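A look at the structure
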Amino acid sequence: NMKLMIGQEIPRRNRKEAVKRAVAAMNTLQEIAKFAGSIQRDFETIEMVQLADMYRDVRVNLNQLYELLPEQEKGKYYGYFVAVTEYEKKIAEGTYNPDIDGILQFEK
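Calculation rules
- Residue indices begin from 1 for each chain and proceed along its sequence in written order.
- The model is predicted, so local features are restricted to residues of pLDDT at least 70 and side-chain atom pairs to those at 80 or more, both for listing and for counting; the totals for chains, interfaces and linings are taken over all residues.
- Think of the side-chain values as coming from all heavy atoms in the structure, minus any hydrogens and water.
- Definition used in this section: a nonpolar core is a set of buried Ala, Val, Leu, Ile, Met, Phe, Trp, Tyr and Cys residues joined via side-chain atoms within 4.5 Å.
- Accessible area is worked out with a 1.4 Å probe on protein chains only. A residue is then buried under 20% of its type maximum, exposed over 50%, and partly exposed in between.
- Counting from the N terminus, the helices are the DSSP runs of H or I reaching at least four residues and the strands are the DSSP runs of E reaching at least two.
- In what follows, a contact means two residues having at least one pair of non-hydrogen atoms within 4.5 Å.
- Think of a polar contact as two N or O atoms within 3.5 Å of one another; within protein, one of them needs to be a possible hydrogen donor and the other a possible acceptor, and neighboring residues in sequence only count if both atoms come from side chains.
- Here, expected helix span is obtained from the residue count minus one, scaled by 1.5 Å.

Moving on, we come to the nonpolar core. In this structure, Met5, Ile6, Ile10, Ala18, Ala22, Leu65, Leu68 and Leu69 together form the largest nonpolar core, which totals eight residues. At the level of secondary structure, the elements contributing two or more residues to this core comprise helix H1 (2-9) and helix H2 (15-37). Aside from chain neighbours lying at most four places away, what touches Leu65 is Met2, Met5, Ile6, Ile10, Ala18, Arg21 and Ala22. Among the nonpolar cores identified, the runner-up in size contains five residues, and Ala25, Ile32, Leu51 and Val58 belong to it.

Given below as structure tokens:
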């Protein structure tokens, strides 16, 4: 939960910026869902580029939020970053297989 993380783990001096980044990331995720849901056919290339650009914006905002964490707190979230990056790499390469790779699980 980003609100909890911001309230408990982000230094007070960085919380305003953290809220700004979290809101931007969540709003963009909602825009992605709305945009993708409005298309009831195969995506055209320009639409795929638009979605990729929106997703990039989410990642940038989340990374900037991560950078506001103190060093000792960053370790908690680094594993998530690695897991998501590996998942995205397999998706992009067309090698992701849910039967072999399973689904992303952040809690063991």
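Attention shifts here to the side chain of Lys74. Mapped onto the elements of the fold, Lys74 is located in helix H4 (residues 71-93). In this structure the side chain of Lys74 is engaged in a polar contact, spanning 3.0 Å, whose partner is the side chain of Glu67. When near neighbours in sequence (up to four residues on either side) are disregarded, Lys74 contacts Tyr66, Glu67 and Leu69.

To continue, consider H4. When the terminal C-alpha atoms of H4 are compared, their 32 Å separation across 23 residues agrees well with the 33 Å that a helix rising 1.5 Å per residue should span. Taken as a whole, H4 has its buried residues at Glu73, Lys74 and Glu88. In this structure, the buried residues of H4 make contact with H1 and helix H3 (45-67). Backbone geometry just after H4 places Gly94 at a positive phi near 75°.

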